[in-house]
2 protein chains.
Amino acid sequence: MSAKTDPYATAGVDYARVDALKILAQRSALSTASNLGRNGTQEVEASRGESAYVMNVGGTLIASITECLGTKALIADAVRSLTGRTHYDTIAQDTIASAVNDLVSVGAIPLSIQAYWAAGGSEWFSDMARMQDLVQGWQAACDRCGVAWGGGETPALKGVIADNCIDLAATCVGIVKSREHLTLGEKLAAGDAIVTFASSGIHANGVSLARQLADRLPEGYATKIDDGRCFGEALLDPTALYAEVMRALSEAGIIPHYAVNITGHGWRKLMRHSSRLTYRISRLPAVPPVLAFIRREADLNQQDAYGTLNMGAGFAIFVQASEVEAVCEIAASVGIKAVHIGVVEQGNKQVIIEPIGVIFDATELQVRT
Amino acid sequence: MSAKTDPYATAGVDYARVDALKILAQRSALSTASNLGRNGTQEVEASRGESAYVMNVGGTLIASITECLGTKALIADAVRSLTGRTHYDTIAQDTIASAVNDLVSVGAIPLSIQAYWAAGGSEWFSDMARMQDLVQGWQAACDRCGVAWGGGETPALKGVIADNCIDLAATCVGIVKSREHLTLGEKLAAGDAIVTFASSGIHANGVSLARQLADRLPEGYATKIDDGRCFGEALLDPTALYAEVMRALSEAGIIPHYAVNITGHGWRKLMRHSSRLTYRISRLPAVPPVLAFIRREADLNQQDAYGTLNMGAGFAIFVQASEVEAVCEIAASVGIKAVHIGVVEQGNKQVIIEPIGVIFDATELQVRT
């Protein structure tokens, strides 16, 4: 995908530009790793640039991550008049999912959540229905992930946050049982099976594109999609939480060689690990109706759709081929549809999605040094 | 201070409204504490509602906090044309200070930082001078606090964050050496001495008020203050970092009974702990020229000034009277001016600032359930 045709660049988000900053910041961050030494603590080097940062504190492996919702709350605000619901209960789950799904991808058990709710002004907090839905949804998502909501920060930032808007983020802290439970890719190798867990819809990724599409549709968010629901309501299906399935796998003794939370960059994320390997996909999971609708109405080709949206795969794990059957059964037992989509092979770093003739090469995912 | 005369209410930030949300969220958060049990982990109950959340994970005490800069970056943006500097190196330190100073107030050793830099659009990241100053300042502040910069999130949130603005926050994770090193107020008692550490200026607290004042001054941020500097430049002095002095005290075997990072609510924060105690202040630290200027030009009475700004006290610790001399010497050895300002007494929950005849009672700090 070139910058010119990146659907996100036309939606006002130039990831190439943001990624340049990421790389600059990552190099600078790396130089601070030695500060840990004087506290008898070391970083787990393989976690640098991965989805959560892991430290070894006297044998206890502590993982942490801060992630944000993005712009999905703008959809909730716009759809409220259609549905009569604030949707901030599901927005809360989306925000927690952004942090927890990242944290569990390194093999950690999530323990606590810090809330970061930065509003455009204190008046945001006087809409009681919205506020109560946010609090209730936040609590419910914490319960579902088995984490304690430890506290948070609720600033009113007039002039920084847009009027009547809120910037939602979550920090998740967890532990990894032992070094053997880390899923940082050290065992990732040719022959590994690639298994995806079903997404519940758009999650919180591709939202600017969806908003732009709503602006263009004559009926906007009220437009019916293929399953008969409104576009806006379908967009607000809460992000799937993968903490429970990862816990269940761990308890069954299955430790993936690697795991990826599929968010920005869509299926390009399958080649997130720094290894030089080819990811050959031979089967596709079902595409949620809301994503099929976006692809058709926004006139995305398959390259752009799979390079931007989750297209039905919210999370991917890389496991021994012999474990695939057990993985699918365990996932089903906790209500998650798992699909064995392909295999890791020797070869250039690329994702080959055979059923739709799409190839992403290494240059198309520059989020790491 | 009544809501009517709260200088912050007139500056567009109604803390009473935000605090109502805090209380609702805190109650809901409390109900999630039991989720930790199934992981063999317990929360340290006394940390609920304190400045950082602490969990006991098999004997390892893990503390975490997410805090934000607030609106101070707007001052940096406005002052840049006066000074020719972006000031984002010091803005970075302010942001890290907000998290680290909170974390060390519970007795924790800071270990890692996650950056949260949410911009109004990807174009924010194309101003290379600003971006490099932010990265360099962030790294330098991490080095000064002895923490590893573990990673972060740099979203572009057009429509949520104002155009060409950035919402900066930091998460700090640390550990507490043992239960005896926790400074959660369990030993706070009548007879304890109150010692403050000097602030370096406004820090990141009272910024909306300062911006409003700049708008009213004929020469704005270029106005000279008493020490001959420009108002805008003085506002941008970076927040003092208190990690080093707290570490030095710990190494000398001095464990405060309680500690407070003095931010929003100014000196009202001295009665942050839930105990029913009186805090009698008989001596005041020097007021930084920039705060003296704000008090005079914004026509704040002492009640409002000390109830809103740090007025020279960036951090306070509560220690045994016999330790005061050692505290002051140790602080001086790491370049921090400590002042013994008063004593904790039996009595109603209140802060009595005798030199200026100001009393804050318990109703004026409702940030806890």
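Residues numbered from 1 in each chain as written. Chains lettered and ligands numbered in written order. Predicted model: local features only at pLDDT ≥ 70, side-chain atom pairs only at ≥ 80, totals over all residues. Heavy atoms only, no water.

### Some thoughts on the overall build of chain A
Move 1: When helices and strands are counted, chain A shows 11 helices and 13 strands.
Move 2: The C-alpha radius of gyration of chain A comes to 20 Å, within 12% of the 21 Å expected for a compact globule of 369 residues.
Move 3: Counting across all 369 residues of chain A, residues that qualify as buried make up 64%.
Move 4: Sequence-distant contacts in chain A: of pairs separated by 6 or more residues, those separated by 24 or more amount to 81%.
Move 5: A total of about 12,300 Å² of accessible surface is found on chain A, and carbon and sulfur atoms cover 48% of it.
Move 6: Chain A carries 31 positive and 39 negative side-chain charges, and their two centres are separated by 3 Å. (Helix = DSSP H or I, 4+ residues; strand = E, 2+ residues; numbered from the N terminus. Rg over C-alpha atoms; globule rule 2.2 N^0.38 Å. Buried < 20%, exposed > 50% of the residue type's maximum accessible area, 1.4 Å probe, protein only. Contact = heavy atoms within 4.5 Å. Areas by Shrake-Rupley, 256 points an atom, 1.4 Å probe, with all protein chains shown as cover. Lys, Arg positive; Asp, Glu negative; His and termini not counted. Charge placed at Lys NZ, Arg CZ, Asp CG, Glu CD.)

### Here we look at the relation of the copies chain A and chain B
Move 1: Under the fitted operation, chain A is carried onto chain B by 0.0 Å of movement along the axis and a turn of 180°, and the coordinates agree to an RMSD of 0.0 Å. Each copy turns onto its partner about a two-fold axis. Closest to the rotation axis within chain A is the C-alpha of Ile161(A), separated from it by 2.2 Å.
Move 2: Interface overlap between copies is the fraction of interface residues in one copy that are interface residues in the other; for chain A against chain B it reaches 99%, indicating a shared surface. (Least-squares fit on C-alpha atoms with pLDDT ≥ 70 in both.)

### A closer look at the domain arrangement of chain A
Residue and element names in this part refer to chain A.
Move 1: What the domain assignment reports for chain A is domain 1 (56-181) and domain 2 (193-364).
Move 2: Computed over C-alpha atoms, the centres of domain 1 and domain 2 are 21 Å apart.
Move 3: At the interface, 32 residues of domain 1 touch 27 residues of domain 2.
Move 4: Summed over both partners, the interface of domain 1 with domain 2 buries about 2,400 Å², with 64% contributed by carbon and sulfur atoms. (Domains from an automatic or database assignment. Buried area = accessible area lost by both parts, 1.4 Å probe.)

### Some details on the interface of chain A and chain B
Move 1: Taken together, the 77 residues of chain A in the interface contact 76 residues of chain B.
Move 2: Carbon and sulfur atoms make up 62% of the area that chain A and chain B hide from each other, which totals about 6,500 Å².
Move 3: Put simply, chain A and chain B have 0 salt bridges between them.
Move 4: At the junction of chain A and chain B, the tally comes to 22 residue pairs in polar contact (both at pLDDT 80 or more).
Move 5: Of all elements in the fold, only helix H2 (15-30), strand S2 (53-57), strand S3 (60-68), strand S4 (109-119), helix H5 (128-145), strand S5 (148-153) and strand S6 (166-176) of chain A reach the threshold of two or more residues within the side of chain A that touches chain B.
Move 6: Looking at which element gives the most residues to the side of chain A that touches chain B, the answer is H2(A), with 9 residues.
Move 7: The residue makeup of the side of chain A that touches chain B, split by class, is 41 nonpolar, 23 polar and 13 charged. (Salt bridge = Lys/Arg side-chain N within 4 Å of Asp/Glu carboxyl O. Polar contact = N/O pair within 3.5 Å; in protein donor to acceptor, adjacent residues only side chain to side chain. Nonpolar A, V, L, I, M, F, W, Y, C, P; charged D, E, K, R; others polar.)

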